[in-house]
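# Residue-level structural notes
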Amino acid sequence: MFFSARAYGANCHSTAAERTATPHLPVLLQIKPAGDFEGYVSYGLGLARKTRYHLFALKQPDRVVLDISH
């Protein structure tokens, strides 16, 4: 979930991918937008099994990294 984010611009057109991504990885099966409400944009992940992960932010350019153990 990302705070202070918008999945729609001022003209009501989507600024985020609307489709389900299917990366065909051993553990990460799908990534899908889950919602946009009051400044929070959410995504859902479909995993093959429960596993460990590490979530962190990087700068220049700003981005979020999710490292999923295989």
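Residues numbered from 1 in each chain as written. Predicted model: local features only at pLDDT ≥ 70, side-chain atom pairs only at ≥ 80, totals over all residues. Heavy atoms only, no water.

### A word on the overall build of the protein chain
Looking only at helices and strands, the protein chain features zero helices and five strands. Reading the protein chain from its N end, one meets helices and strands in the order β-β-β-β-β. Taking all 70 residues of the protein chain together, the buried fraction comes to 10%. Counting contacts in the protein chain only where the partners sit at least 6 residues apart, residues at least 24 apart contribute 28% of the total. (Helix = DSSP H or I, 4+ residues; strand = E, 2+ residues; numbered from the N terminus. Buried < 20%, exposed > 50% of the residue type's maximum accessible area, 1.4 Å probe, protein only. Contact = heavy atoms within 4.5 Å.)

### Examining a nonpolar patch on the surface
Judged by side-chain polarity, Leu45, Leu47, Tyr53, Leu55, Val64 and Leu66 come together as a nonpolar surface patch covering roughly 570 Å² of accessible area. Elements with a minimum of two residues in the nonpolar patch: strand 3 (40-47), strand 4 (53-58) and strand 5 (63-68). Note that Leu45 resides in strand 3. On the basis of relative accessible area, Leu45 is assigned to the partly exposed category, the value being 39%. (Patch = residues over 30% accessible without salt bridge, like charges linked within 9 Å, V, L, I, M, F, W, Y side chains within 5 Å. Areas by Shrake-Rupley, 256 points an atom, 1.4 Å probe, with all protein chains shown as cover. Salt bridge = Lys/Arg side-chain N within 4 Å of Asp/Glu carboxyl O.)

### So, the environment of Gln30
Relative to the assigned elements, Gln30 resides in strand 2 (residues 28-37). For Gln30, a relative accessible area of 39% corresponds to the partly exposed category. Expressed as a C-alpha distance, the spacing of Gln30 and Ala48, which sit 18 residues apart in the sequence, is 9.5 Å. Discounting residues that sit within four places of it in the chain, Gln30 has contacts with Thr20, Ala21, Thr22, Pro23, Gly44, Leu45 and Gly46.

### Examining unusual backbone geometry
With omega at 0 degrees, the peptide bond leading from Gln60 into Pro61 counts as cis. Summarising the element assignment, Pro61 is placed in the loop between strand 4 and strand 5. Even without being glycine, His24 reaches a positive phi, approximately 55 degrees. Within the secondary structure, His24 is located in the loop between strand 1 (2-3) and strand 2. You can call His24 exposed: its relative accessible area is 69%.

### Observations concerning the confidence of the model for the protein chain
With 74% of its residues at a pLDDT of 70 or more, the protein chain has an overall mean of 82. At the low end of the mean pLDDT range in the protein chain sits strand 1, at 56; at the high end sits strand 4, at 94. (pLDDT = per-residue confidence, 0-100.)

### Remarks on the pairing of strand 3
As judged from the eight bridges shared by strand 2 and strand 3, these two strands associate in the antiparallel manner. From the neighbouring strand, Gly35 faces strand 3, where its bridge partner is Ser42. Hairpin connection, strand 2 to strand 3: the antiparallel pair is bridged by two residues, and Glu38 has positive phi, about 50 degrees. (Pairing = 2+ DSSP bridges.)

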